[in-house]
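Below are the chains, spelled out letter by letter.
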Amino acid sequence: MDLETVRTFVAAADAGQFQEAAAELAVTQQAVSKRIAALERDLGVRLFTRTARGAELTIDGQAFLPHARELLRVAERAVESVRTGSRPLRVDVLASRSAASGLMRGFHRAHPEIDLDVVMLFDIETAVAAIRSGSIDASFRAVAMPGRPLPEDVESVWVLDERLQLLTGPAHALAGARSVPLPRLAGHRIWMPGVVPGTEWAAYYDDLVAEFGITIEATGPNFGSDALLDTVADTPALATFMGGDTRLIWPADHNLRRIPVTDPTPVYPHSLLWHRDNPHPALPVLRAHLAATATAPDTARTWAPDWALRH
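Quick summary incoming for the structure in this document. Since the structure is predicted, the reported quantities are computational estimates derived from the model, not experimental observations. (Residues numbered from 1 in each chain as written. Predicted model: local features only at pLDDT ≥ 70, side-chain atom pairs only at ≥ 80, totals over all residues. Heavy atoms only, no water.)

Once that is clear, we can look at the nonpolar core. In this structure, L166, L185, Y205, L208 and F241 are the most contacted members of the largest nonpolar core, which totals 28 residues. Elements that contribute at least two residues to this core include exactly β6 (154-168), α7 (200-212), β10 (238-243), β11 (257-262) and β12 (265-275). Ranked by residue count, the leading element in this core is α7, at seven residues. Look past the residues within four positions of L208 in its chain and what remains in contact with it is L182, G213, I214, F241, P266 and W303. (Core = buried A, V, L, I, M, F, W, Y, C linked by side-chain atoms within 4.5 Å. Buried < 20%, exposed > 50% of the residue type's maximum accessible area, 1.4 Å probe, protein only. Helix = DSSP H or I, 4+ residues; strand = E, 2+ residues; numbered from the N terminus. Contact = heavy atoms within 4.5 Å.)

Taken as a whole, helix α2 (residues 18-25) has its buried residues at F18, A21 and A22. End-on view of α2: buried residues confined to an arc of 100 degrees, all on one side of the axis. With respect to the buried face of α2, the exposed residues turned more than 90 degrees away are Q19, A23 and E24. Residues of α2 that are buried make contact with α1 (3-15), α3 (29-43), β1 (48-51) and β2 (54-57). Directly after α2, the chain includes A26, whose backbone phi takes a positive value near 60 degrees. (Arc of directions from axis to C-beta.)

A few words now on the packing of helix α5 (residues 99-110) against helix α9 (residues 282-293). As a packed pair, α5 and α9 sit with axes 11 Å apart at the nearest point and diverge in direction by 110 degrees. Classified by the angle their axes make, α5 and α9 are roughly perpendicular. Of the residues in α9, those touching α5 at L103, M104, G106, F107 and A110 are A282, V285, L286, H289 and L290. By residue class, the composition of the contact of α5 with α9 is eight nonpolar, two polar and no charged. (Axes fitted to C-alpha atoms, helices over the stretch in contact; angles between N-to-C directions. Parallel < 35°, antiparallel > 145°, perpendicular 65-115°, else oblique. Nonpolar A, V, L, I, M, F, W, Y, C, P; charged D, E, K, R; others polar.)

What follows is about the packing of aromatic side chains. Applying the stated criterion to the full structure yields nine aromatic pairs. When the ring of F9 is compared with that of F64, the centres are 5.2 Å apart and the planes differ by 50 degrees; the resulting orientation is tilted. Residue F9 is found in helix α1, and its partner F64 is found in helix α4 (residues 59-82); the two are separated by 55 residues along the sequence. Each of the two residues, F9 as well as F64, counts as buried. With 5.8 Å between their ring centres and 85 degrees between their planes, F212 and W303 make a pair best called edge-to-face. One end of the pair, F212, is in helix α7; the other, W303, is in strand β13 (residues 302-303), and 91 residues separate them in sequence. Accessibility expressed as a relative area gives 18% for F212, which makes it buried. Three or more aromatic residues joined by ring pairs make a cluster, and in this case those are Y204, Y205, F212, F241, Y268 and W303. (Phe/Tyr/Trp six-rings, centres within 6.5 Å; stacked < 30°, edge-to-face > 60°.)

Two faces make up the sheet, and in a regular strand the side chains alternate between them. Along β12, eleven of the eleven residues are buried, which leaves the element largely enclosed by surrounding structure. Where burial is concerned, the two faces of β12 agree: the one with T265, V267, P269, S271, L273 and H275 and the one with P266, Y268, H270, L272 and W274 are both buried. Where strand β5 (residues 138-141) meets β12, four bridges bridge the pair, whose relative direction is antiparallel. Across the sheet, F140 pairs through a bridge with L272, a residue of β12. Bridge count between β6 and β12: nine bridges; the pairing is antiparallel. (Pairing = 2+ DSSP bridges.)

Put into structure tokens, the structure is as follows:
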């Protein structure tokens, strides 16, 4: 059923005359007549009776009118759902308690008038594909991995260097340290079951291991952050890395320690990715907010892989 014929029918029903409906729709009276006739053929009923005063709805026309109005309302809602600026800004943050999630919470506090839809995708390939298809508007990622340049139509900008901390249980050898130099971690077991080969964070930790000779174990299934924290709390020989801006909660009796890592401080670089032709009006607002709140990276006292985008 053609929506223009339905719209013409409603206009004629409201006006009571084909001529007035034609004027409202900016078409000829003949066009109105042809559209009504086409709709009547589709429905197999007469919708109007011609009278000296114009056109009156038949019983079938009266029955069809409220449904015709609803068809037009549904069509308008469908268009509105994808009209630029009418839908929420859709952003990938990787994990709900990540630093990127914190950045988006800050953006929401600063711009509560902007509707947001926050999603959590897995690896950078998935995120980039979603950006290019238009299913998301932006993603927070560590980018420029060796051998995996971003597509030319995807742009990125650095937004945050997240300082890594060492997380230990109360019986770990370093639990009492106020800070620990990165080279001193050589020989200690750093357990990170969430490091999945082929991901951008795996590339990051591969470079960290190669440069400083530390040991990162990704053995065993990844049962999530709660299981990781339970194991670190109960195992004196294990520690793990945690982003300084990552928000995790654990039982008080775990007595976990978050210890700053120094000389140099390893930082995980977060960048914002988006499609260069994305028209969503809230996207430039997000980029401007992140630029205004970002702190320039301290490259003299921190470490990140050579491929990390930090400008």
